[in-house]
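Single-letter residue listing:
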Amino acid sequence: MRSKPNILVTGTPGTGKTTTSSALAEATHLRHINIGELVKDKKLHDGWDDHLQCYIINEDLVCDELEDIMEEGGIIVDYHGCDFFPERWFDRVVVLRTETSVLYDRLSKRGYAGEKLTNNIECEIFQELLEEAKESYKEEIVVAMKSDTVEDMNRNVSEITEWVSSWSSTA
């Protein structure tokens, strides 16, 4: 039985997952794991996708790497996908949502262009990650949060921190 909750922070690239997760880790003293960095650092991938300019994540290797620490609890996982993680790992799934004009500006500043930019904007328009989260986890643990501004992020961190403080294991 975990003594601290595990949280998944997901959403389209550019919605503020890493910024929110870092601030949340600082506020709650939970451990933040950025899956993109983990994949790169531990070589948990099957090579580089030149077309999409990203690593081809090996989901099995990622899950194997995380299994033991997730069972301990107290982890904030930050990744733009969520359907391959075991349902039992998470007590809360936060899906960050961003207005498409804001998202477009953020992704453009990161150097996203062409198909990569279009795909990510469409992903947000069609709420693909929110739907993925609702299909992959119990609906009562999935929460969508607006993430357009610094004020939104601060409010989200405050609300999640409050939830962490009131959390108790029901397992």
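For the structure, see preceding data.
A short tour of the structure in this document, coming up. (Residues numbered from 1 in each chain as written. Predicted model: local features only at pLDDT ≥ 70, side-chain atom pairs only at ≥ 80, totals over all residues. Heavy atoms only, no water.)

1. Points about the sheet that holds strand E5 (residues 75-78)
Move 1: In spatial order, the strands read E2-E5-E1-E6-E7; together these five strands make up an open sheet with parallel pairing. Pairing within the sheet leaves two strands with one partner each, and these edge strands are strand E2 (31-34) and strand E7 (142-146). With strand direction ignored, the average angle separating the axes of adjacent strands in the sheet is 20 degrees.
Move 2: When strand E1 (residues 7-10) meets E5, the two strands line up parallel, connected through three bridges. Each bridged residue has a counterpart across the sheet, and for Ile7 the counterpart in E5 is Ile76. (Pairing = 2+ DSSP bridges. Helix = DSSP H or I, 4+ residues; strand = E, 2+ residues; numbered from the N terminus. Axes fitted to C-alpha atoms, helices over the stretch in contact; angles between N-to-C directions.)

2. What about a negative patch on the surface?
Move 1: Negative charge collects at one region of the surface, where Glu59, Asp60, Asp64, Asp83, Glu131, Glu135, Glu139 and Glu140 lie side by side.
Move 2: Put simply, the parts of the chain that give the negative patch at least two residues each are helix H3 (59-72) and helix H6 (128-136).
Move 3: No other element matches H3, which puts three residues into the negative patch.
Move 4: By the element assignment, Asp83 lies in the loop between E5 and strand E6 (92-97). (Patch = residues over 30% accessible without salt bridge, like charges linked within 9 Å, V, L, I, M, F, W, Y side chains within 5 Å. Areas by Shrake-Rupley, 256 points an atom, 1.4 Å probe, with all protein chains shown as cover. Salt bridge = Lys/Arg side-chain N within 4 Å of Asp/Glu carboxyl O. Lys, Arg positive; Asp, Glu negative; His and termini not counted. Charge placed at Lys NZ, Arg CZ, Asp CG, Glu CD.)

3. A few points about the pattern of salt bridges
Move 1: A complete count under the given rule lists seven salt bridges for this structure.
Move 2: As a salt-bridge pair, Asp91 and Arg2 come within 2.9 Å of each other at their nearest N and O atoms. Within this pair, whereas Asp91 is found in the loop between E5 and E6, its partner Arg2 is found in the segment before E1, the two being separated by 89 residues in sequence.
Move 3: Residue Arg2 is classed as buried on the basis of its relative accessible area, which comes to 14%.
Move 4: With its nearest N and O atoms 3.5 Å apart, the salt bridge here joins Glu37 to Lys40. (Buried < 20%, exposed > 50% of the residue type's maximum accessible area, 1.4 Å probe, protein only.)

4. A few points about the state of the cysteines
Move 1: One pass over the full model with this rule turns up zero disulfides.
Move 2: With no disulfide of its own, Cys54 lies closest to Cys123 among cysteine sulfurs, the gap being 13 Å.
Move 3: When its relative accessible area of 32% is taken as the criterion, Cys54 is described as partly exposed.
Move 4: Sulfur of Cys123: no disulfide; nearest cysteine sulfur belongs to Cys82 and is 10 Å away. (Disulfide = S-S within 2.5 Å.)

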